[in-house]
Amino acid sequence: ASAPVTITVTGAAGQIGYALLFRIASGAMLGPDVPVKLNLLEIPQAAQAAEGTVLELMDCAFPLVTGLEVFDDPFKAFDGANIAMLVGSRPRGPGMERADLLSANGGIFSVQGKALNAGAADDLKVVVVGNPANTNALIAASHAKDIPASRFTALTRLDHDRALAQLSAKTGTPVSEIKRLTIWGNHSATQYPDISHATVAGRPAIELVDQQWLADEYIPRVAKRGAEIISVRGGSSAASAANAALEHMRSWVQGTSDGDWTSMAVPSDGSYGVPEGLVSSFPVTTANGDYSIVPNLEISEFSRARIDASVAELESERSAVAELGLL
Ligand code: NAI
């Protein structure tokens, strides 16, 4: 068997953490042959609840689990981490201004960036789930001076999967027959789910749906799905977010399939006019543990305006955290 992979999950006692840990432990993320050592990071007030999750994880007697530990010190929790899933963050409380939210999260993600820098493994891969995910990833990367920024990514796979599901429902085609769909920009209501390069059972998706449905129903439905889940379920997406985080990492480690791609928010290399360094969602292919942004796609005027709007929001988040001294 291969050596155990050390996976640190933050926010381990939260609802996404609870939906995520058992599936990682079962082998759903890295496969049935890869042993895993799970480090759970929580704040001190929630560490006991995380200990309860550890008791349950023990009770599953998962054959792949070689270690289970709860930490409230990020420097210990990230020591030796091959994979870091940064789920915990500070939710917006009553009366909290945007600057307060950014600065509370800036505190969390700058410390976690430093802790990763101090002790994580050389092959570290990071996905940030906690919101504002893109900008939190930017902050963490900027405090991890010795780790290539490219290892810091943020989750837009949930948006990608929501976009697949909506297109599948509209066209009556199984999800497995839809390829090359893209989420661009920020994990927020400005994101742009783009079907202009997508195929549905081998046919161009844009030939199967009309432009009005796209602009008035599809794009807003996908972008505001998080709010829809809250209003129907009475709580924010948890199992679907956990699944997406797991799929994000699984794709990164195991590779995308030929002729298809996925969406990941990654530090821009300047592609598609996205300013360098912004953590923005792109179409990416993955192979051998690396990802690359899909090059040379044609961007229509319709797409351009939407990508630019979401990127402008990311730029304003970046200036706000820079002004707070968080980068
Ligand atoms: P939750 O409130 O149930 O759990 C968050 C946990 O994080 C809590 O147990 C809290 O104690 C912990 N935490 C807070 N600060 C921490 C720190 N410094 N270190 C370690 N743990 C810390 O929230 P839930 O539902 O699990 O969501 C987690 C985050 O994921 C939220 O920010 C949410 O907005 C975000 N999210 C992102 C999605 C995406 O697609 N990118 C989708 C859904 C949620």
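Definitions and limits used
Within each chain, residues carry numbers counting from 1 in the order of the written sequence. Reporting of local features is limited, given that this is a predicted model, to residues whose pLDDT is at least 70; pairs of side-chain atoms are given and counted only at 80 or more, and all residues count toward the totals for whole chains, interfaces and linings. A run of H or I in DSSP counts as a helix once it spans at least four residues, and a run of E counts as a strand once it spans at least two, with each numbered from the N terminus. All radius of gyration figures rest on C-alpha atoms, and the globule criterion is 2.2 Å times the number of residues raised to 0.38. Whether a residue is buried, exposed or partly exposed follows from its count of other C-beta atoms within 10 Å of its own C-beta, namely 20 or more, 12 or fewer, or something in between, respectively; the C-beta atoms are built from the backbone. Being near a molecule or strand means, for a residue, that its C-beta atom, positioned from the backbone, comes within 6 Å of it. Gly counts as polar in this scheme, as do all residues outside two lists: the nonpolar Ala, Val, Leu, Ile, Met, Phe, Trp, Tyr, Cys and Pro, and the charged Asp, Glu, Lys and Arg. Marked domain ranges trace back to an automatic or database domain assignment. By definition, a nonpolar core groups buried Ala, Val, Leu, Ile, Met, Phe, Trp, Tyr and Cys residues that are joined through C-beta atoms within 7 Å. This entry defines residue contacts through backbone-placed C-beta atoms, with two residues in contact when those atoms are within 7 Å. Between the N-to-C directions of two axes lies an angle of 0 to 180 degrees, each axis being a line fitted to C-alpha atoms and, for a helix, fitted only over the stretch in contact. The scheme is simple: roughly parallel for angles under 35 degrees, roughly antiparallel for over 145, roughly perpendicular for 65 to 115, oblique for anything else. Handedness of each helix crossing follows the sense of rotation of the near helix against the far helix: counterclockwise by less than a right angle gives left-handed, clockwise gives right-handed. UniProt positions are given in the numbering used here, feature names are shortened, and annotations may be inferred rather than shown by experiment. Per residue, pLDDT captures the predictor's confidence, and it can take any value from 0 to 100.

Visitor: Help me understand the overall build of the protein chain, please; the structure alone is not making it clear to me.
Guide: In terms of helices and strands, the protein chain carries 10 helices and 14 strands. Over its C-alpha atoms the protein chain spans a radius of gyration of 19 Å, differing by no more than 12% from the 20 Å that the globule rule assigns to 327 residues. For the C-alpha atoms alone, the extent of the protein chain along its principal axes is close to 50 × 45 × 40 Å. A buried classification covers 44% of the 327 residues belonging to the protein chain.

Visitor: Just to check I follow, could you spell out the site of the ligand for this structure?
Guide: Around the ligand sit 28 residues in total, of which G11, G14, I16, G88 and A241 are the nearest. In terms of residue count, helix α1 (residues 15-26) provides more of the shell around the ligand than any other element does, three residues in total. Each residue belonging to the shell around the ligand can be placed in one class, and the counts come to 14 nonpolar, 12 polar and two charged. A domain-level breakdown of the shell around the ligand finds at least three residues from each of domain 1 (5-154) and domain 2 (157-317).

Visitor: What is the right way to read the nonpolar core from this model?
Guide: Across soluble globular proteins, nonpolar side chains have a tendency to be buried as a group. V129, A140 and A245 are the most contacted members of the largest nonpolar core, which has 86 residues in total. Tallying contributions element by element places helix α9 (residues 239-254) first for this core, with seven residues. Among the domains, domain 1 (5-154) and domain 2 (157-317) are the pair contributing at least three residues each to this core. With sequence-adjacent residues up to four places away left out, V129 is seen in contact with I16, M85, L86, V87, L155, A241 and A245.

Visitor: Would you explain the packing of helix α6 (residues 157-171) against α9 in this entry?
Guide: Packed helices, taken two at a time, are described by the angle between their axes plus the distance between the axes. With their axes 8 Å apart at the nearest point, α6 and α9 run at an angle of 105 degrees to one another. The orientation of α6 relative to α9 falls into the category roughly perpendicular. Note on element contacts: α9 touches α6 through S240, A241, A244, E247 and H248, opposite R157, L158 and D161. Tallied by class, the residues present in the contact of α6 with α9 amount to three nonpolar, two polar and three charged.

Visitor: Would you explain the packing of helix α5 (residues 133-142) against helix α10 (residues 301-323) in this entry?
Guide: At their nearest, the axes of α5 and α10 sit 10 Å apart, and the two run at 45 degrees to each other. Here α10 runs oblique to α5, going by the angle between their axes. Pair α5 / α10 crosses with right-handed handedness. Contact residues: N134, T135, L138 and I139 in α5; L314, E317, R318 and V321 in α10. Of the residues belonging to the contact of α5 with α10, the class tally is four nonpolar, two polar and two charged.

Visitor: Would you mind showing me how to read unusual backbone geometry here?
Guide: Excluding glycine, most residues fall at negative phi; most peptide bonds, likewise, are trans. Backbone torsion omega between N131 and P132 reads -10 degrees, so that peptide bond is classified as cis. Within the fold, P132 resides in the loop between β5 (125-128) and α5. Residues other than glycine seldom take positive phi values, yet Y272 does so here, at roughly 55 degrees. Its location among the elements puts Y272 in the loop between β12 (262-267) and β13 (279-287). The class for Y272 is buried, based on 21 C-beta atoms found within 10 Å. Positioned with a positive phi, N296 is a non-glycine residue whose angle comes to about 60 degrees. Take N296: there are 6 C-beta atoms within 10 Å of it, and that puts it in the exposed class.

Visitor: In this structure, what is going on with the domain arrangement of the protein chain? I would like to understand it.
Guide: Many structure descriptions define interface size as the accessible area lost when the parts assemble. Splitting the protein chain by domain gives domain 1 (5-154) and domain 2 (157-317). Its C-alpha centre places domain 1 at a distance of 23 Å from the equivalent point of domain 2. Taken together, the 26 residues of domain 1 in the interface contact 22 residues of domain 2. Within the residue set of the side of domain 1 that touches domain 2, elements represented by two or more residues are α1, β4 (83-86), β5, α5 and β6 (152-154). Within the side of domain 1 that touches domain 2, the residues separate by chemical class into 19 nonpolar, five polar and two charged.

Visitor: Help me out: how do you make sense of the UniProt feature "active site" (unreviewed entry) in the protein chain in this one?
Guide: Feature annotation in UniProt assigns "active site" (unreviewed entry) to the following positions: H187. Topologically, H187 is positioned in the loop between β8 (182-184) and β9 (192-194). By the C-beta count within 10 Å, which is 29 here, H187 ends up buried. Apart from residues lying up to four places away in sequence, H187 is in contact with A133, N134, A154, L155, T156, D159 and A265.

Visitor: Before we go on, may I ask you to explain the confidence of the model for the protein chain in this structure?
Guide: Close inspection of predicted coordinates is inappropriate in any region flagged by low pLDDT. Model confidence for the protein chain is summarised by a mean pLDDT of 96, while 100% of its residues fall at 70 or above. No element of the protein chain has a lower mean pLDDT than helix α4 (residues 98-119), which averages 93, and none a higher one than β4, which averages 99. At the level of chain-chain contacts, confidence expressed as ipTM amounts to 0.99, with global pTM at 0.98.

Visitor: Which parts of the structure should I look at to understand the UniProt feature "binding site: NAD(+)" (unreviewed entry) in the protein chain?
Guide: According to UniProt, the "binding site: NAD(+)" (unreviewed entry) feature falls on G11, A12, A13, G14, Q15, I16, G17, N105, Q112, V129, G130 and N131. Tracing the backbone shows G14 in the loop between β1 (5-10) and α1. Structurally, Q15 is set in helix α1. Exposure remark for Q15: the 16 C-beta atoms within 10 Å place this residue in the partly exposed category. Sequence-distant contacts of Q15, that is, excluding residues within four places in its chain, are made with G235 and A238.

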